[in-house]
Amino acid sequence: MNAMNSILSKAKTEKNGLAGIALDSYGSTDDSVAFVHKDSLSENHPPSPGDLHAAEQGIYFRDGHRRIDFVLVFEEEDPGSKKSKKKKKKAVESGEVKEKSPEEKNDQYRKKFLNNLRKAGCEMEEEISSTGKKTITYIKVFASWDVLCYYAEELNFRAPLQAHPNPSENWSAKLLESLHIPNMMDQEVPNKPLDYYTCVFKKSKLDKFLGSENRDTFFSNTQRHRIVYEILATTPYGKRKRAEIGIDRLIDEGAFQAAYPLHDGSWKKPSHSLPAEQLNRRQVLYDYWARWGCWYKYQPLDHIREYFGEKIGIYFAWLGLYTAWLLPASIVGLMVFLYGVLSISTNTPAREVCNSGGDFVMCPLCDENIGCAYWNLSDTCTQAKIAYLFDHPGTVFFAIFMSFWAVTFLEYWKRKNASLAHHWDVMDFEEEEERPRPQFAAMAPSMEKNPVTGIKEPHFPDEDRFKRMMAGAVIIIFMMVMVLIFVLGVIMYRVLISIPLFQSVMFRAQASNIANMSGACVNLILIMASGIVYQKIAEKLTEWEMHRTQTEHEDSYTFKVFIFQFVNFYSSIFYIAFFKGRFVGYPGHYNRFFGLRNEACGQGGCLVELAQQLAVIMIGKQVINNAQEIIVPKIKNYLQRREVAKGMEKSTEPARWEEDYQLIENEGLFEEYLEMVIQFGFITIFVAAFPLAPLFALLNNWVEIRLDAHKFVCEVRRSVSERAQDIGVWFNILDALVQLAVISNAFIIAVTSEFLPRLLYKYEKNWNLDGYVNFTLAYSPPGSMSQECRYKEFRDRDGSFSLFYWRLLAIRLGFVILFEHVVFFISRLIDIMVPDIPESLEIKIKRERYLAKQALQDQEHIMEAMKEEKQAMVGGLAGVGEEDEGGDDDYAVTTQGRKAATTRMDAGNVYLSVPTADV
């Protein structure tokens, strides 16, 4: 017995003295070990010292001990207000007094809902603020310890077993350090979160987790928010048959106006001097991330994840990496553009156009009978020079470069994502059984038994959902047809507006540019307007389809919106790149549409028009979106603050829950991802026509990160943290855009650019391109026009295609096939050569496996010693098998997602978070 006591005493001493077994330093692969003393840890996410004054900041109950986990807000009109009296009078006159008014129904719903919350174990405290015209009631919600433990097991929370240092790792910092260059992007952010080995939480094994002796701080704020939101989302307020469940439906019905977790105090620094270590988390994020002065600094991703959760943390990690990768693309694109500027004087075709004088009389760009005149090719000297800036051999190289850039970027994002997922303990994150969406539960017509869990839950028939999805698909197709009609309308606008411009002597030289630029602006307005309308329709359609889980709902909504926005933003650009000017015909045999001649490319060629269209839509969209993100939140904030502050005493400083209610609602990340993915399409699919696209994207993203950071920290209510291991379906969309970009750039170079015609002319006619302009201009067929004129085509005198045209067509098709095969092949090689998981991370994973096995062996020795002592105590009174059924098998090693086996000896259980199915 003494031997057993000594073993247990030793194990207990080790447990209390150090936080678990010896650990290797994070990011290190050597044999050195590091221990973190348990006394230095107060919770799995240590609170900022600024939380010591949190009671004064209003994030605690009046007793100063219970922390506010959630706030519910509802508003009631003052009975004596004019609006309330008018409603009562109207109800009396209409004879509706016998029936319950909406206000009475909402009051009944609230009472039942709050009563059910109390039954679920939530504690509440009420604060009332009267503004004269209405009364605002704030209900502070606190989850007790037992409730937290119960839901932590239900939601498969992970709890810390061991802690180790969390050093920053950044390849650019290492590179600058090796080159002995000062790193101005680096900054020391205070209160950096520690890194942990974790396992699935089990209340029965509570004493094995770090910080378990302090119940107030064991669960982090974000974990408490998730638990309380789960309770709020699943608590009924009426009849379950009617699916009257959840806070979200209560907000939709007007029973509550808002439900939100509190921010950790104000984002503004106190007026008196305070050490950085004593700032609250929100102030740290503002001071070291959300300020405009931090635009060139590394993002504190661990702090973002700690405050907002993994989902938002991964978004900013992706956006930061994407922006960093835009830097080399921008530099190369700028160099390609500057090459065009510097070599424009050596461009023979542009020189020939400018020096042609009256040698080349061009056919009218619209019908003679409506007043369009003949013109000289030399009038387009400026357009010819501009065209060369976007159409020279450098753009071909840049298109190939961007194809490899996009593939490599996605590969390195997968590596970055794997490192973050491992670091944030979500590498193998999967919900065993995703719960139904609260909105689905509120609207489902029936309850049926889940075949997996055997529990009754809201149900919607698959046949009815399929019918609704088909009806939704018809609406989506209709909306896409509407977009194509808009594109057709813009085409007709350009044709009609160009007629009077060509008739005018003053505007004739710039007629095409004016028509194209104004058409692009009209197209941008239609795109932005139709996008807003369609997103509302898509949201309603997705809700109507009744998807069971949040993942299914988000995937369906994302697919709908992206497909529409893809057609909305890119249809006009695809038209200019691949169709405009291809079906015009030739003098005497022009093709017509609604009595108008088909639209031809402008005087500078289709590639210049494509660059103009890209610049207007891409840059215009960025300017509009950034203006919206700057102006709209401030207007909403002003209106919300003015509404809430009505009737309040100016001398009274609002409490924390009142301050947060004055903020605007958090609308999530969908719009942010959509904006960036559309931008990614612009800089990859059509980059051959606009080498400056990555530069404008880079400038926009520097602003975008600050706008998003400032919005999340200062302008919107705090969102409930969500766990995520990647960017979800957006990665599949990005991958599809990369594949499309390769094919699109191949066709732009082959069909729209002058690269291949010039190359073939060099090979067959003249290497210096002398006479190239004259060679590309055909003569109008005899008698087709009032005078002989030239037009840009490879045709003979009778209007039939020349042999050069057919040879060029074969070369174009061959180039497309060769280009996409070579790029796809090299991209595949990059995919193979760049592993999805970095080698250093694989070493860490193997190290963790080794430590887990080592810990298991240590526990086996303890079990064997305990068994020997036990056998010595019972002597020969009973057999070993009868005395201790199960023997050495009476312990279990659990990994993420698996329930722990029930054991009789707690000392024999080992819980380690390792990225393997079994240890």
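Residues numbered from 1 in each chain as written. Predicted model: local features only at pLDDT ≥ 70, side-chain atom pairs only at ≥ 80, totals over all residues. Heavy atoms only, no water.

Trainee: In this structure, what is going on with the overall build of the chain? I would like to understand it.
Mentor: Helix and strand counts for the chain stand at 28 helices and 18 strands. A total of 919 residues make up the chain; the buried ones form 51% of that total. At a minimum sequence separation of 6, the contacts of the chain that also span at least 24 residues come to 75%. Accessible area for the chain stands at about 43900 Å²; split by element, carbon and sulfur atoms hold 58% of it. (Helix = DSSP H or I, 4+ residues; strand = E, 2+ residues; numbered from the N terminus. Buried < 20%, exposed > 50% of the residue type's maximum accessible area, 1.4 Å probe, protein only. Contact = heavy atoms within 4.5 Å. Areas by Shrake-Rupley, 256 points an atom, 1.4 Å probe, with all protein chains shown as cover.)

Trainee: How should helix α4 (residues 102-119) be read in this particular structure?
Mentor: Think of an α-helix as 3.6 residues a turn; residues three or four steps apart then line up on the same face. When the terminal C-alpha atoms of α4 are compared, their 26 Å separation across 18 residues agrees well with the 26 Å that a helix rising 1.5 Å per residue should span. N106, Y109, R110, F113, L114, N116 and L117 are the residues of α4 that are buried. Viewed end-on, α4 has its buried residues packed into an arc of 155°, placing them on one side of the element. Away from its buried face by more than 90 degrees, α4 exposes K111 and K119. The elements touched by buried residues of α4 are β1 (70-77), β2 (122-130), β3 (134-143), α7 (221-234) and α8 (247-253). (Expected span 1.5 Å × (residues − 1). Arc of directions from axis to C-beta.)

Trainee: How should unusual backbone geometry be read in this particular structure?
Mentor: A negative phi angle is the norm for most residues apart from glycine, just as the trans form is the norm for most peptide bonds. Despite not being glycine, D425 has its phi angle at roughly 65°, a positive value. In this structure, D425 sits in the loop between α14 (393-423) and α15 (438-443). Assessed through its relative accessible area of 15%, D425 is described here as buried. At L769, a residue that is not glycine, the phi angle is positive and equals roughly 65°.

Trainee: Teacher, can you tell me more about the state of the cysteines here?
Mentor: One covalent bond between the sulfur atoms of two cysteine residues makes up a disulfide. One pass over the structure, following the stated rule, counts two disulfides. Between the sulfur atoms of C354 and its disulfide partner C381 the distance amounts to 1.9 Å. With the S-S dihedral at roughly 85°, the linkage between C354 and C381 falls on the right-handed side. Of this pair, C354 sits in helix α12 (residues 348-354) while C381 is found in helix α13 (residues 381-390), placing the two residues 27 residues apart along the sequence. Judged by relative accessible area, C381 falls into the buried class, the value being 18%. The disulfide bridge from C363 ends at C789, spanning 1.8 Å between sulfur atoms. Across the disulfide from C363 to C789, rotation about the S-S bond amounts to roughly 85°, and the bridge is consequently right-handed. In this pair, C363 is assigned in the loop between β7 (361-362) and β8 (375-376) and C789 in the loop between β15 (777-779) and β16 (790-792), connecting sequence segments 426 residues apart. (Disulfide = S-S within 2.5 Å.)

Trainee: How should the side chain of T323 be read in this particular structure?
Mentor: For T323, the position within the fold is in helix α11 (residues 310-342). Dropping the residues within four chain positions of it, T323 is found in contact with L698, N701, W702 and I705.

Trainee: Mind showing me how you'd approach the UniProt feature "transmembrane region" (unreviewed entry) in the chain here?
Mentor: Mapped onto the present numbering, the UniProt feature "transmembrane region" (unreviewed entry) falls on residues 315-342, 395-413, 473-497, 517-537, 557-578, 676-699, 727-751 and 804-826. Taken end to end, residues 315-342 comprises 100% helix and 0% strand; its first and last C-alpha atoms sit 40 Å apart. The straight-line gap between the two end C-alpha atoms of residues 804-826 is 32 Å; of that span, 100% is helix and 0% is strand. (UniProt positions renumbered as here; feature names shortened; annotations may be inferred.)

Trainee: Honestly, helix α24 (residues 755-764) in this entry has me stumped. Any pointers?
Mentor: What α24 keeps buried is the set L756, P757, R758, L760 and Y761. On the buried face of α24, the contacting elements are α12, α13, α23 (729-752), α25 (772-776) and α26 (803-833).

Trainee: Explain the nonpolar core here, please?
Mentor: Side chains of a nonpolar character, in soluble globular proteins, are inclined to be buried together. By size, the foremost hydrophobic cluster in this structure holds 126 residues, and its most contacted members are W318, Y322, W405 and Y570. The element that contributes the greatest number of residues to this core is α11, accounting for 15 residues. Setting aside anything within four residues of it in sequence, one finds W318 in contact with F409, W413, Y673, M676, I727 and L734. Counting residues in hydrophobic clusters, the runner-up holds 37 residues, among them F70, Y151, F157 and F218. (Core = buried A, V, L, I, M, F, W, Y, C linked by side-chain atoms within 4.5 Å.)

Trainee: Would you mind showing me how to read a nonpolar patch on the surface here?
Mentor: Together, I630, I631, I635, Y638 and L639 make up a nonpolar patch on the protein surface, roughly 470 Å² of accessible area in all. If you trace the backbone, I631 turns up in helix α19 (residues 606-645). (Patch = residues over 30% accessible without salt bridge, like charges linked within 9 Å, V, L, I, M, F, W, Y side chains within 5 Å. Salt bridge = Lys/Arg side-chain N within 4 Å of Asp/Glu carboxyl O.)

Trainee: How should the sheet that holds strand β6 (residues 258-260) be read in this particular structure?
Mentor: Within a sheet, each strand pairs with its neighbour through backbone hydrogen bonds, oriented either parallel or antiparallel. Reading across from one edge, β2-β3-β1-β6 is the order of the four strands in this open sheet, with antiparallel pairing throughout. Looking at which strands have only one partner, the edges of the open sheet turn out to be β2 and β6. Direction aside, neighbouring strands of the sheet carry axes that sit 20° apart on average. Pairing of β1 with β3 involves eight bridges; the strand directions are antiparallel. (Pairing = 2+ DSSP bridges. Axes fitted to C-alpha atoms, helices over the stretch in contact; angles between N-to-C directions.)

Trainee: Is there a simple way to think about the packing of α23 against α26 in this case?
Mentor: The interhelical angle for the contact between α23 and α26, taken along N-to-C directions, is 150°, at an axis separation of 9 Å. Classified by the angle their axes make, α23 and α26 are roughly antiparallel. In this structure, α23 meets α26 at a crossing whose hand is right-handed. Contacts between α23 and α26 involve Q739, V742, I743, A746, F747, I749, A750 and V751 from the former and R812, F815, V816, F819, E820, V823 and F824 from the latter. (Parallel < 35°, antiparallel > 145°, perpendicular 65-115°, else oblique. Left-handed = near helix turned anticlockwise from the far one by under 90°.)

Trainee: Would you explain the packing of aromatic side chains in this entry?
Mentor: Think of a pair of aromatic rings as described by two things: how far the centres are apart, and how the planes are tilted against each other in angle. One pass over the structure, following the stated rule, counts 57 aromatic pairs. Between F566 and F574, the aromatic rings sit 6.3 Å apart at their centres with planes inclined by 45°, giving tilted as the arrangement. Centroid distance F574 to F686: 5.1 Å. Interplanar angle 75°. Geometry classified as edge-to-face. Here F574 is found in helix α18 (residues 550-578), whereas its partner F686 is found in the loop between α21 (670-685) and α22 (693-715), with 112 residues between them in sequence. As far as burial versus exposure is concerned, F574 and F686 are alike and both buried. One cation-aromatic arrangement involves K140 over F61; the distance from NZ or CZ to the ring centre is 5.7 Å. Directly above the aromatic system of Y779 lies the positively charged group of R790, at a separation of 3.8 Å from the ring centroid. (Phe/Tyr/Trp six-rings, centres within 6.5 Å; stacked < 30°, edge-to-face > 60°. Lys NZ or Arg CZ within 6 Å of the ring centre and 35° of its normal.)

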